Amino acid sequence: MATTTKRKALLISSELCIGCRGCQTACKNWNQLPGQKTTNTGTMQNPPDISATTYNIIRFSEVPSQANAVRWLFVSRMCMHCDDAGCMKICSAPGALYKTEQGAVAFNKDKCTGCKLCVAACPFDVPRYDAQNKIGKCDLCSGRIAEGLSPACAKTCPTGAIKFGDRADLIASAKKSGYGKVYGETDLGGLGAIYAFRDAPRIYGMNESPAIPESVIFWHNVLKPLAIIGLGGVVAGALIHYAAIGPHKDEEVK
Amino acid sequence: MGEMVRKASPEEIINHWILAISCLLLIITGYAFLFKLTQIGAVFGGFNGMRVVHNWAGVVFTVSLFATLFNYLHESLTFDADDWTWIKMGGGYLSRSAKKAPPMGKLNTGQKFYYLAVMAAGIAIAASGFGIWLVSGSRMITLVSHLVHNLAFILFVVAVPAHAYMGTLANPGTFRIMVYGTVPIEFARKKYPKWMKEIGKL
């Protein structure tokens, strides 16, 4: 996959997040998405998950330990904008999912056929479908970033927990700040949403080894070529047979 | 042409045409989905239209496929020593002249295998197709359906063109069965002696 020097990313620093959910509101505002009716289940996390009309949420994780009885972690969750994206790999509708110049995985509802294969192929359980059976997810505010603006979530974040910029610069700055490993630096060809964690990513509710499902990779690398070779082989075989041996004849009948 | 013998009933002929046309439509649109062929999508007014055509052609195909069970399943599951001889000599249909083939019934060994393979792959591709279309909320079902649908697709794109070639250009005189359902009695006696004996025309 082409990784241009212009590739942009979001750097999420969980330690800086105060859980204000300004990013959720800004996202709804910019993308003109309606609010969702939810019920109080005793957690600050609301809405409970991303949806076709909620492109990002703050995930609240309570991780009490002996040393720290009140440990509360806030992580912004949205589309990870994989370089090698499972959704794009499996999608059967041209133009429904596409990569922007800045490296965002964007979508076009008109081109989406509603087959939902992308849901199964995404390593991060991101794609959602709206009432019209069309995909809805974070597109890294591709309209804004194409014009040199920050995504709405990063623009509004008051603490710098969500930073937007050149991906390489963000990784370098995170490492300079003492983060040994940046989550998403190399997974799936490098994610467009990278995370600086003080602790193991799984504590923050992250998948530690995200990957496109094996069956999708097998289908892409083996079955797709085989579909061409198979048909081509039979057609070529028939042509050669017809030219070299010719039709079967029953002398007694003719 | 002299005396004719009916090999396929009008119902069989009509059903075979329905099966063939829906299958061809599914293969063409299937390739278009597989490789995002926008030119083919344009024929159906875009991929949304093509998806509707693909799904409903799949319904027609499934119904038509199950309708064939009444006509060919029993015969296709009946094998004897002649079938073994037939396999060993490879049927002889791809050679220029008539080799001495063992006597066959209404379907020859190759046709029985073809029927069973298409039936098995047909059930797999139909079930997995409905799995992709109608089941949502299970990642597992979608992924397995996607894999099975594509595996069965490969069998179809190999077997169907081979079947079409064998039934037309490779064996003159065969295609008329799909159109008229009848063949000259001499042809039938030579190709299907066991069946002709059964119906008392040998």
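Summary of the structure given here.

Thresholds applied
Residues numbered from 1 in each chain as written. Chains lettered and ligands numbered in written order. Predicted model: local features only at pLDDT ≥ 70, side-chain atom pairs only at ≥ 80, totals over all residues. Helix = DSSP H or I, 4+ residues; strand = E, 2+ residues; numbered from the N terminus. Buried ≥ 20, exposed ≤ 12 C-beta atoms within 10 Å, placed from the backbone. Rg over C-alpha atoms; globule rule 2.2 N^0.38 Å. Contact = placed C-beta atoms within 7 Å. Core = buried A, V, L, I, M, F, W, Y, C linked by C-beta atoms within 7 Å. Nonpolar A, V, L, I, M, F, W, Y, C, P; charged D, E, K, R; others polar. Pairing = 2+ DSSP bridges. Axes fitted to C-alpha atoms, helices over the stretch in contact; angles between N-to-C directions. Parallel < 35°, antiparallel > 145°, perpendicular 65-115°, else oblique. Expected span 1.5 Å × (residues − 1). Bend = angle between axes of the 7 residues up to and from the residue.

## Remarks on the overall build of chain B
Along the backbone of chain B there are 10 helices and two strands. Scanning chain B from its N terminus toward the C terminus, one meets helices and strands in the order β-α-α-α-α-α-α-α-α-β-α-α. When the 202 residues of chain B are sorted by exposure, 26% land in the buried category.

## Regarding the overall build of chain A
Secondary structure assignment for chain A yields seven helices and 10 strands. For 254 residues, the compact-globule formula gives about 18 Å, and the C-alpha radius of gyration of chain A, at 24 Å, lies well above that figure. Dimensions of chain A, computed from C-alpha atoms along their principal axes, come out at roughly 95 × 45 × 40 Å. Sequence separation of 24 or more characterises 60% of the internal contacts of chain A that already satisfy a separation of 6 or more.

## Section: the nonpolar core
In terms of nonpolar packing, the biggest core is built from 71 residues, with Cys87(A), Cys118(A) and Ile194(A) touching the most fellow members. With five residues, the top contributor of residues to this core is helix H3 (residues 117-121) of chain A. In contact with Cys118(A), not counting residues within four places along its chain, are Cys87(A), Ile90(A), Cys91(A), Leu97(A), Pro127(A) and Ile135(A). Counting nine residues, the second largest nonpolar core, distinct from the first, contains Ala227(A), Tyr115(B), Ile125(B) and Phe156(B).

## Some thoughts on the interface of chain A and chain B
On the side of chain B, 36 residues touch chain A, which itself brings 32 residues to the contact. Counting only elements with at least two residues in the side of chain A that touches chain B, the list comes to H3 and helix H7 (214-244) of chain A. Element by element, the count of residues in the side of chain A that touches chain B is highest for H7(A), at 13 residues. Its residues placed into classes, the side of chain A that touches chain B shows 18 nonpolar, seven polar and seven charged.

## A short note on the sheet that holds strand S10 (residues 193-196) of chain A
Residues and elements named next belong to chain A. Strand order across the open sheet formed by four strands is S8-S1-S10-S9, with mixed pairing between neighbours. What marks the edges here is a single partner per strand, and that holds for strand S8 (162-166) and strand S9 (182-183). Helix H6 (residues 167-176) rests against strand S1 (8-13), S8, S9 and S10 of the sheet, and its axis sits at about 125° to S8.

## A few points about the environment of Met196(B)
All names here are of chain B. When you line up the elements, Met-196 lands in helix H10 (residues 193-198). Owing to 19 C-beta atoms within 10 Å, Met-196 belongs among the partly exposed residues under this scheme. Considered as a pair, Met-196 and Met-104 are 92 residues apart in the sequence and their alpha carbons are 9.6 Å apart.

## Overview of the packing of H7(A) against helix H7 (residues 139-167) of chain B
Running from N to C, H7(A) and H7(B) point in directions that differ by 5°, and their axes come no closer than 9 Å. What the angle tells us is that H7(A) and H7(B) run roughly parallel. Together, Ser215(A), Trp219(A), Leu223(A), Leu226(A), Ala227(A), Gly230(A), Leu231(A), Val234(A), Val235(A) and Ala238(A) of H7(A) and Leu143(B), His146(B), Leu147(B), Asn150(B), Leu151(B), Phe153(B), Ile154(B), Val157(B), Val158(B), Pro161(B), Ala162(B) and Tyr165(B) of H7(B) make up the contact between the two elements.

## Structural notes on H7(A)
For H7(A), with 31 residues, the first-to-last C-alpha span of 42 Å sits near the 45 Å given by 1.5 Å per residue. Along H7(A), the largest kink reaches about 35° and is centred on His220(A). Residues of H7(A) that are buried: Val216(A), Trp219(A) and Ala227(A). Buried-residue contacts for H7(A) involve helix H2 (86-90) and H3 of chain A together with helix H1 (10-34) and H7 of chain B.

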